[in-house]
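Listed below are the residues making up each chain.
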Amino acid sequence: MMGPLASHIGRLYGRKGWIALALCAAVLFVAFPLANLALPKGNLLHISDYTVALTGKIMCYAIVALAMDLIWGYTGILSLGHGLFFALGGYAMGMYLMRMIGREGQYQSDLPDFMVFLNWKAYPWYWSFTEHFWYAALLVVLVPGLLAFVFGFFAFRSRIKGVYFSIITQALTFAFMLLFFRNDTGFGGNNGFTDFKRILGFHIATAETRMALFIASGFMLMLTLLFARAIVSSKFGRVLTAIRDAESRVMFSGYNPVHYKLFIWTVSAVICGIAGALYVPQVGIINPSEMSPANSIEIAIWVAVGGRGSLVGAILGAALVNGAKSVLTVAFPEYWLFFLGLLFILVTLFLPQGVIGLLNPSREKRA
Amino acid sequence: MKKFALALGLALCCARMAWALPADLVLAVAAGDSDEQVAAVSKLVTSGDAGVAAFFQALLDGNVQVAGGKRVLIVKDQQGIDAASGEKVEPLPADLDDAVVNNRLRGTLESARSALRLASTDRAQRLAAVKTLEDGAGEEMLPLIGTALERETDADIRKLLALVQASVQLKSADAALRLAAVKALAQSDNPNTKMLLLGLLEKKGESYAEPDAGVRAAAQASLQAVQSRLSTADRINQIFTGVSLGSILLLAALGLAITYGLMGVINMAHGELIMVGAYATYLAQNLFRAQAPGLFDWYLLAAVPAAFFASALVGMALERSVIRFLYGRPLETLLATWGISLILIQSVRSLFGAQNVQVENPVWMSGGVEIIANVVFPWNRVVIIGFALAVLTLVWFLLTRTRLGLFVRAVTQNRGMASCVGVPTARVDTLAFGLGSGIAGLAGCALSQIGNVGPDLGQTYIVDSFMVVVLGGVGQLAGTVYAALGLGMANKFLEAWSGAVLAKIAILAFIIVFIQKRPQGLFALKGRMADA
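The rules behind each value
Residues numbered from 1 in each chain as written. Chains lettered and ligands numbered in written order. Predicted model: local features only at pLDDT ≥ 70, side-chain atom pairs only at ≥ 80, totals over all residues. Domains from an automatic or database assignment. Contact = placed C-beta atoms within 7 Å. Nonpolar A, V, L, I, M, F, W, Y, C, P; charged D, E, K, R; others polar. Helix = DSSP H or I, 4+ residues; strand = E, 2+ residues; numbered from the N terminus. Buried ≥ 20, exposed ≤ 12 C-beta atoms within 10 Å, placed from the backbone. Pairing = 2+ DSSP bridges. Axes fitted to C-alpha atoms, helices over the stretch in contact; angles between N-to-C directions. Parallel < 35°, antiparallel > 145°, perpendicular 65-115°, else oblique. Left-handed = near helix turned anticlockwise from the far one by under 90°. Core = buried A, V, L, I, M, F, W, Y, C linked by C-beta atoms within 7 Å. pLDDT = per-residue confidence, 0-100.

1. Observations regarding the domain arrangement of chain A
All names here are of chain A.
For step 1, the next point in the chain: The domain boundaries assigned to chain A delineate domain 1 (1-47) and domain 2 (54-294).
For step 2, the next point in the chain: Contact residues are listed per partner, giving ten residues for domain 1 and ten residues for domain 2.
For step 3, the next point in the chain: Looking at the side of domain 1 that touches domain 2 residue by residue, the class counts come to nine nonpolar, one polar and no charged.

Next comes the structure, spelled out in structure tokens:
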């Protein structure tokens, strides 16, 4: 039974592609843990906890970039709401992590500190069962997925497309940000969730737990890459590209674009949610500013920098921009926005194919 | 002002040395316990002596000292006079203690001072005195209010004074007097009256706060009268703030209606062009303050064109350097203009700092006009409503009655054909974009008069203005106007009902649902143009 599936997966990449993937896997799953945990601090090959945390964070961003590439690069729908799905996944995981603090908070109460502060006596109904990891994991998938499905169902059915769709998703994100900023919403208001203590019984700050989260993120990134590759190289993926290039012709050929768009939009949102759930325990905080419209637009620029419609480009772009961000915001905090702004302008003007296009000039030019 | 009055009072007293206050009462006010103090103040008020006002003023200013626990002195600039007699005391005794004025005494003194001012010959001063007394007059002021009411000739003040008298009489022991007072209070439009009447109807255990059933019934009737008057005032206020918010949204969205609606350019830097206009206003203000302080009140006359041209220039430069190359690729335009907005924000931060800057209203724009009681329209908001109307008229005129407008509409409808008949499309694009940006600058100038001016100013308005344009529909000014006013009103009415944040969320949710039903907005273009 596994035969056809395995051979199908095997066809996703050529020989070189698989070798590259295996190399990445070796670096992430063998070299990183060894160099971080086994080697002593002074060793030349030692990888610091900071590098591990940063790489882990960037891998979560790369997963989001892949999701963005599926919906924007391949289907031609620019979403300005992916930051929202990312944050919702993060909040779902955050609820579980808050529950796991137990009585170790400032007020030694059964409730999280912010609820004690608001003088609440019990958890609101939507917090029920969040102390179970499986339920939180379910929420991570269901909440962004359901929201995307319902929103997308109405939006695509009434043929909202192009810039209209982008602006409406931005408004949605903005509305949710305002909602989560309220204390009464029950998600910690301004401060969001922080001060996590343990996950699945392990202490969250130890190097081992962090390495486990790092490996989980790397694993998820590779899985997402293969999954996305499977989608875009299938017949389904060809219809998506066709929708991007000429939606009305797809319609006149007898396809219903609404189904295709709705499916890929929901899948993309779910992937974002999972990335957010992996991100929160690694950075140790989630607050409503993750939902700010600026964050969602930044996701688009990662993909644009790397190169739209190439999957690997999305990962590359996320790594480049966020790597530059972590260096520049420390070295020249004044100039980071200038740099980011220029990046937006120059990439759209001069690099429509992104960095991948530079590396690979033979790729067919797209209008 | 107070100090000057005191100095004048001192000078007069020193010249004539003529007042005679009962020394025991003066001492009780300055050094007695709380109850004694209040009782002594009310006795002094009714004495009608000329020295009372000066004594109270000195107490409020903290210039009263007690010598050896017996003699009360008003000491200012090392000059002392006896508070009881008004005579000069030379030299000052050594054992002086400050008289302590606690909050209760301060309140009593302030209302006593107002009661004294009721006798002033200046109408404005009497009116101000009545207004202070409205918010709380003690029973001890009743005789003074009574005499003032007899003397008063001005109808407005008489009316207010009668209400103050009634609200004090409510505490009287005589049921008939209370009944009359309650009936008189029906004429009031002060929110405090409502609380006062509600207090009468409150139940304390088994019995009501007001024992007499007749008075209670009258109080109920008066309460209804006051309430209906107050709710009318509320409604007018709500409509006004709604129109005001609508006019601001209109100003912010008008420029966008041109760049997005007519030209199809998604300009995410629109908010930052608003910010540029606000900072231009700030610079104009500083220039006037430094160079021509005498003309400061008229700096807006220079700031309006400055804001327009600053933003228009920035906008035209952007069009020439970036946006021009992205026509027909709206998603790319969105990203590039977002980049521009980041650069503009950081530039302003580097130039002016990350903090908000101060933009002052000219004197003629501060204050407000009272339409009816409790309904004050602030001048700056009134001016902005007028300004928005003027800008709207101007834009309408430009687009429909001038050659540029004709060209803009021609390029919007059919670029190729317009170019064929000789319309310089590239120039028209630049000018139209400049016009849209300039209007954003005007919006910034207006916003600087009512809100904070900081680098993030634009971010707060960008989502709102896009919502206005999306709701109003693309390519029509009328849609923008209706959408701006509609959103402004809806926002304010919902706000009163559910709080600001929920109102905003509800509005956004409404727009998202509305767009499902009418994807092209309120005023959709029909026919072939709809799919252009």
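2. Regarding the interface of chain B and chain A
For step 1, the next point in the chain: Across the contact, 32 residues belong to chain B and 35 residues belong to chain A.
For step 2, the next point in the chain: Broken down by secondary-structure element, the contributors of at least two residues to the side of chain B that touches chain A are α14 (330-352), α19 (457-472) and α21 (500-517) of chain B.
For step 3, the next point in the chain: Top element by residues in the side of chain B that touches chain A is α14 of chain B. It accounts for 14 residues.
For step 4, the next point in the chain: Grouping the amino acids of the side of chain B that touches chain A by side-chain chemistry returns 26 nonpolar, four polar and two charged.

3. Side note on unusual backbone geometry
Residue and element names in this part refer to chain A.
For step 1, the next point in the chain: A positive phi angle is found at Phe129, which is not glycine, with a value near 70°.
For step 2, the next point in the chain: Mapping Phe129 onto the fold places it in the loop between α5 (113-117) and α6 (133-157).
For step 3, the next point in the chain: Under the C-beta neighbour-count criterion, Phe129 is labelled partly exposed, with 14 such atoms within 10 Å.
For step 4, the next point in the chain: Its identity as a non-glycine residue notwithstanding, Leu200 has a phi of 50°, on the positive side.
For step 5, the next point in the chain: Looking at where Leu200 falls in the secondary structure, it is placed in the loop between β2 (198-199) and β3 (202-203).

4. Some words on the sheet that holds strand β5 (residues 96-98) of chain B
Residues and elements named next belong to chain B.
For step 1, the next point in the chain: Pairing within the open sheet is antiparallel, and its five strands lie in the order β4-β3-β2-β1-β5. Bordering the open sheet on either side are β4 (88-89) and β5, each of which pairs with just one other strand.
For step 2, the next point in the chain: Relative to β4, strand β3 (residues 79-82) runs antiparallel, the two being bridged by two bridges. Directly across from Ile81, in β4, lies its bridge partner Lys88.

5. Digging into the packing of α19 of chain B against helix α20 (residues 477-498) of chain B
Residues and elements named next belong to chain B.
For step 1, the next point in the chain: α20 packs onto α19 with a crossing angle of 125° between their chain directions and a minimal axis gap of 8 Å. Judged by the inter-axis angle, α19 sits oblique to α20. Judged by the twist between their axes, the crossing of α19 over α20 is right-handed. Each of Met467, Val468, Val469, Leu471 and Gly472 in α19 lies in contact with α20, whose residues at this interface are Gly479, Thr480, Tyr482, Ala483, Ala484 and Leu487.
For step 2, the next point in the chain: A breakdown of the residues in the contact of α19 with α20 according to their chemical character gives eight nonpolar, three polar and no charged.

6. Quick word on the nonpolar core
For step 1, the next point in the chain: Among the nonpolar cores identified, the biggest contains 193 residues, and Val64, Ala65, Leu66 and Ile301 of chain A are the most heavily contacted of them.
For step 2, the next point in the chain: Per-element accounting of this core gives the leading share, 16 residues, to helix α3 (residues 49-74) of chain A.
For step 3, the next point in the chain: Apart from the residues lying within four places of it in its own chain, the contact partners of Ile301 of chain A are Val321, Leu343, Phe344 and Val347 of chain A together with Leu335 of chain B.
For step 4, the next point in the chain: Counting 59 residues, the second-largest nonpolar core is a separate cluster that includes Trp19, Ala84, Leu105 and Leu163 of chain B.

7. Things to note about the confidence of the model for chain B
Residues and elements named next belong to chain B.
For step 1, the next point in the chain: With 91% of its residues at a pLDDT of 70 or more, chain B shows a mean pLDDT of 81.
For step 2, the next point in the chain: Contacts from residues 12-17, a stretch scored under 50 in pLDDT, to residues over four places away or in other chains number eight contacts.
For step 3, the next point in the chain: When the criterion is pLDDT under 50, residues 526-532 qualifies, and its contacts beyond four places in sequence or with other chains add up to four contacts.
For step 4, the next point in the chain: If you check the scores for this complex, the pTM reads 0.77 and the ipTM reads 0.87.

8. Describing the environment of Gly323 of chain A
For step 1, the next point in the chain: Along the polypeptide, Gly323 of chain A turns up in helix α13 (residues 312-331).
For step 2, the next point in the chain: Counting along the chain gives 265 residues from Gly323 of chain A to Ile58 of chain A, while the straight-line C-alpha distance between them is 7.8 Å.

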